[in-house]
Amino acid sequence: MAEWRDRDLAERRERLAGATGRRIRRRSTQTGGGPGVHAPERKTKATVTEPVRMKDFCAATGLNFIECFKVLRDEHDLIANVNMTIPSETAELLALHFGIELTVIPAKTKLDELQDEVAARERKHLQPRPPVVTMLGHVDHGKTSLLDAIRKTHVVATEDGGITQHIGAYHVISSHGPVTFLDTPGHEAFTAMRARGAELTDVVVLVVAADDGVMPQTVEAINHAKAADVPIVVALNKIDLGDQNKIKIYTQLTEHGLTPSGEWGGDVDVIPTSATTGQGVQELVDHLADLASLLELKADPTLPAVGTAIEAETKPGVGPVVRVLVQEGTLRVGDVVVCGPAAGKVRALLNDRGERIREAGPAIPVEVWGLDDVPMAGDRLYVVENMKRAKDIATETKQDRLEKARAQSRKVRTLEEMLKRRDAEDVPELNVIIKADVDGSVAALKQSLGDFPTDEVKLTIRHAGVGAVTDSDVDLAAACDGIILAFRVDAPAGVRRLAEHHGVDIRTYRVIYDVCDDVKKALEGMLAPEEVLETRGTAEVRELFRMSKKVGLVAGCYVTDGVVNRNHLVKIVRDGVVVREGCAIASLRRFKDDVKEVRAGLECGIKLDGFDDLHVGDVLEAYEIVQVARTL
């Protein structure tokens, strides 16, 4: 065995002596980046286009995939490969990690391409179109009454007085020309449309009551109109009650940048009106019709139609219907249209009086039947060449909105986020949905409810909007276990039945202070009550009795103050120092009888639960823990 071992050692020595290490050195040279190897140049700025693939990202930034892989794995919990698509935000953070400023160009959707086509169209046959007028003003200043007065003046006699309105906008023809009015619930819809880029309104009629003057919501309406950069005409309504406040109202308007024309030397026309007597109504409509030529409002009716959804709903027996204001081109029965997530072929068109028509030109409001889904207010309606393209655009829009909704409610992934979510869930939360009559009411409620402290209880406004309570509001409240605050609006009977089925509380109010009081009480009820120690009696230990081993020590006491009850807790005080507290009374006896309580001036025997280290002279303070409701 020794001979074999020596021979094996000799062979190993020979192999080690013959090893040159050249192969190892050559491998080291290849990986070390020698003079013949050029690493990709790392940039400081780069641009990629969505969707961002790792292969394209590395090519654009000059980064090595292995480096990117490690960062994605360690910091973003992603196991990537070269063909993987990563979110744009992740790509920007990854580039920033290496000191590169990355610009991500959003990919054009099918809707973007359609919008580009519409913008590039040649308008060869421009013709004058009616002005689109929106009436804004403070609540109870007579906006709705003035609209009714205008409508009664200009509808046909066969319409039973013309009070019923079938659409959120209507068309009026005067001796000076046609005018289209938008009947919006306050200025919430007006603001939302402007925010979406619809720019439906050409002129704003600011309704101011002659007996009330400029109010807070009137100021908000002025600000909205100025932000939209549209001309303003003031209707001084309720003039039949007298014009004694005329100078004051003119001064208020001037203070807010609306200087009346005429004697005041401004450029804002003020027309006195009365919805009750009809005074000034005809003059107002004629004045608005004349503005069309001054503003040079024109559109090409020969193009495929483009419009904006004013409102949409599902009608029993009809299906989804959308009320649209045509802005350009002519919409006809049989056209293939797309509107947000909805697409279809126009089966019927109804005008503002509920009559079926064959076509509708620029600035004409119509109700459209034939879509396969309900779009949102503010969605643009486009006529396209075929159903396939309409379906593709609608499907892509629906998917995009679904992905955005999922992104907002994404699940927690990192440990830090989980800890934050856990801490947040420890705080009681009250979810509310606000529905009000006008935008000013919504803003006031959101501001008032937002003033409540959120350290120990949380108030979350899940949704706030203008108009009556709808089925979707009830569904949202049921999903988030919230309540609906309906301020100066009501819920239809069908909505109330749905709320009862889901157990959703719909609370209606007329005064904003009542809303705040009820919400404050609800939040206070969710607060953990404050625990207060209230002393009920005091006893002095005068003798100690060592009973059986099973019973233990019993203190012979004299009740000096108050009442000692069997259900009280006890605090032991010795020489002014608290020795123990929170001890329960295991037994309370007077002579040989178990008693429920012992009053001042009487002797008793007290056995404490789990504590026998009592001395003569100790003071036993009996107390109760009382829960007191807290306030905000």
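Each value, and the rule that gives it
Residues numbered from 1 in each chain as written. Predicted model: local features only at pLDDT ≥ 70, side-chain atom pairs only at ≥ 80, totals over all residues. Heavy atoms only, no water. Salt bridge = Lys/Arg side-chain N within 4 Å of Asp/Glu carboxyl O. Helix = DSSP H or I, 4+ residues; strand = E, 2+ residues; numbered from the N terminus. Buried < 20%, exposed > 50% of the residue type's maximum accessible area, 1.4 Å probe, protein only. Contact = heavy atoms within 4.5 Å. Phe/Tyr/Trp six-rings, centres within 6.5 Å; stacked < 30°, edge-to-face > 60°. Lys NZ or Arg CZ within 6 Å of the ring centre and 35° of its normal. Core = buried A, V, L, I, M, F, W, Y, C linked by side-chain atoms within 4.5 Å. Pairing = 2+ DSSP bridges. Arc of directions from axis to C-beta. Axes fitted to C-alpha atoms, helices over the stretch in contact; angles between N-to-C directions. Patch = residues over 30% accessible without salt bridge, like charges linked within 9 Å, V, L, I, M, F, W, Y side chains within 5 Å. Areas by Shrake-Rupley, 256 points an atom, 1.4 Å probe, with all protein chains shown as cover. Parallel < 35°, antiparallel > 145°, perpendicular 65-115°, else oblique. Left-handed = near helix turned anticlockwise from the far one by under 90°. Nonpolar A, V, L, I, M, F, W, Y, C, P; charged D, E, K, R; others polar. Lys, Arg positive; Asp, Glu negative; His and termini not counted. Polar contact = N/O pair within 3.5 Å; in protein donor to acceptor, adjacent residues only side chain to side chain.

K.L.:
Go over the pattern of salt bridges with me, naming the residues and quoting the values.
P.N.:
Taken as a whole and assessed by the stated rule, the structure comprises 28 salt bridges. With a shortest N-O distance of 3.3 Å, Arg462 and Glu429 are connected by a salt bridge. Of the two residues, Arg462 is situated in strand 23 (residues 458-466) and Glu429 in strand 22 (residues 429-436); the sequence distance between them amounts to 33 residues. Here Glu624 makes a salt bridge to Arg536, at a shortest N to O gap of 2.8 Å. Of this pair, Glu624 sits in strand 33 (residues 619-628) while Arg536 sits in strand 26 (residues 530-546); the two residues are 88 residues apart in sequence, bridging distant segments of the chain. The class of Glu624 is partly exposed, set by a relative accessible area of 31%. Given the relative accessible area of 31%, Arg536 is considered partly exposed.

K.L.:
I'd like to hear about the environment of Ile79, residue by residue, with values.
P.N.:
By the element assignment, Ile79 lies in the loop between helix 4 (65-76) and strand 3 (85-86). Non-local contacts of Ile79, meaning those with residues more than four positions away in its chain, are made with Phe69, Arg73 and Met84.

K.L.:
How would you explain the packing of aromatic side chains if you had to name every residue and give the values?
P.N.:
Between two aromatic rings, the relevant description is the distance of the centres plus the angle of the planes. This model, assessed by the stated rule, comprises 3 aromatic pairs. For the ring pair Tyr250 and Trp264, a centre distance of 5.6 Å and an interplane angle of 70° mean the geometry is edge-to-face. Pair noted here: Tyr250 is in helix 10 (residues 246-255) and Trp264 is in the loop between helix 10 and strand 11 (270-272), with a separation of 14 residues, a long-range link. Residue placement shows Lys571 over the ring face of Tyr623; its charged tip is 5.9 Å from the ring centre.

K.L.:
Explain the environment of Asp437 to me, and be specific about the residues and the numbers.
P.N.:
With respect to the helices and strands, the residue Asp437 is situated in the loop between strand 22 and helix 14 (439-449). Asp437 gets classed as buried once you look at its relative accessible area, which sits at 16%.

K.L.:
Please set out the nonpolar core residue by residue, giving values where relevant.
P.N.:
Ranked by size, the top nonpolar core spans 22 residues in total, and within it Met135, Leu146, Ile150, Phe181, Leu284 and Leu288 carry the most contacts. At the level of secondary structure, the elements contributing two or more residues to this core comprise strand 6 (132-137), helix 7 (143-154), strand 7 (169-174), strand 8 (177-182), strand 9 (203-209), strand 10 (232-237) and helix 11 (281-295). In terms of residue count, helix 11 provides more of this core than any other element does, 6 residues in total. Excluding its chain neighbours within four sequence positions, the residues that come into contact with Leu284 are Met135, Leu146, Ile150, Val233, Ala235, Ile271 and Thr273. Ranked by size, the runner-up nonpolar core spans 21 residues in total, among them Val71, Ala80, Ile86 and Val104.

K.L.:
I'd like a rundown of the pairing of strand 26, residues and numbers included.
P.N.:
The two faces of the sheet receive side chains in turn, since in a regular strand these alternate between them. Sheet topology note: the strand 26/strand 33 ladder contains 10 bridges and is antiparallel. Directly across from Glu534, in strand 33, lies its bridge partner Glu624. With 9 bridges connecting them, strand 26 and strand 27 (residues 553-565) associate as antiparallel partners. By the bridge assignment, Glu540 is partnered in strand 27 with Tyr558.

K.L.:
Could you give an account of helix 10, naming the residues involved and the relevant values?
P.N.:
Three or more residues of helix 10 are buried, namely Ile249, Tyr250, Gln252 and Leu253. Viewed along the axis of helix 10, the buried residues span an arc of 160°, placing them on a single side of the element. Within helix 10, the exposed residues directed more than 90 degrees away from the buried face are Ile247 and Glu255. On the buried face of helix 10, the contacting elements are strand 9, strand 10 and strand 11. Immediately beyond the C-terminal end of helix 10, within one or two residues, lies Gly257, with a positive phi of roughly 85°.

K.L.:
Which residues make up the sheet that holds strand 22, and what values do they have?
P.N.:
Across the sheet, 4 strands lie side by side as 23-22-24-25; this open sheet has parallel pairing. If you trace the sheet from one side to the other, it starts and ends with strand 23 and strand 25 (506-509), each paired once. Averaged over all adjacent pairs, the angle separating strand axes in this sheet is 25°, with direction ignored. Pairing of strand 24 (residues 483-487) with strand 25 involves 4 bridges; the strand directions are parallel. By the bridge assignment, Ile484 is partnered in strand 25 with Ile506. Docked against the sheet, helix 17 (residues 512-526) engages strand 22, strand 23, strand 24 and strand 25, running at close to 165° with respect to strand 22.

K.L.:
Help me get a handle on a nonpolar patch on the surface, residues and values and all.
P.N.:
A grouping of Phe545, Met547 and Val551 is seen on the molecular surface, where their side chains present a nonpolar patch of about 260 Å² in accessible area. Here Met547 lies in the loop between strand 26 and strand 27.

K.L.:
Describe the packing of helix 15 (residues 471-480) against helix 16 (residues 493-502), with residues and values.
P.N.:
Packed helices, taken two at a time, are described by their axes: the angle between them and the distance between them. Two elements in contact, helix 15 and helix 16, have axes whose closest approach is 9 Å; the angle formed by their N-to-C orientations is 15°. Considered as vectors, helix 15 and helix 16 are oriented roughly parallel to each other. Between helix 15 and helix 16 the crossing geometry is right-handed. Facing Asp471, Val474, Asp475 and Ala478 of helix 15, the residues of helix 16 in contact are Val495, Leu498, Ala499 and His502. A breakdown of the residues in the contact of helix 15 with helix 16 according to their chemical character gives 5 nonpolar, 1 polar and 2 charged.

K.L.:
Provide a residue-level description of the side chain of Asp335, including the pertinent values.
P.N.:
Assignment of secondary structure puts Asp335 in the loop between strand 15 (331-332) and strand 16 (336-339). In this structure Asp335 is buried but unpaired, with Arg332 as the nearest side chain of opposite charge at 5.2 Å. Within the structure, Asp335 has its side chain in polar contact with the backbone nitrogen of Arg332 (distance 2.9 Å). Sequence-distant contacts of Asp335, defined by excluding residues within four places in its chain, comprise Thr330, Gly344, Lys345, Val346 and Val383.

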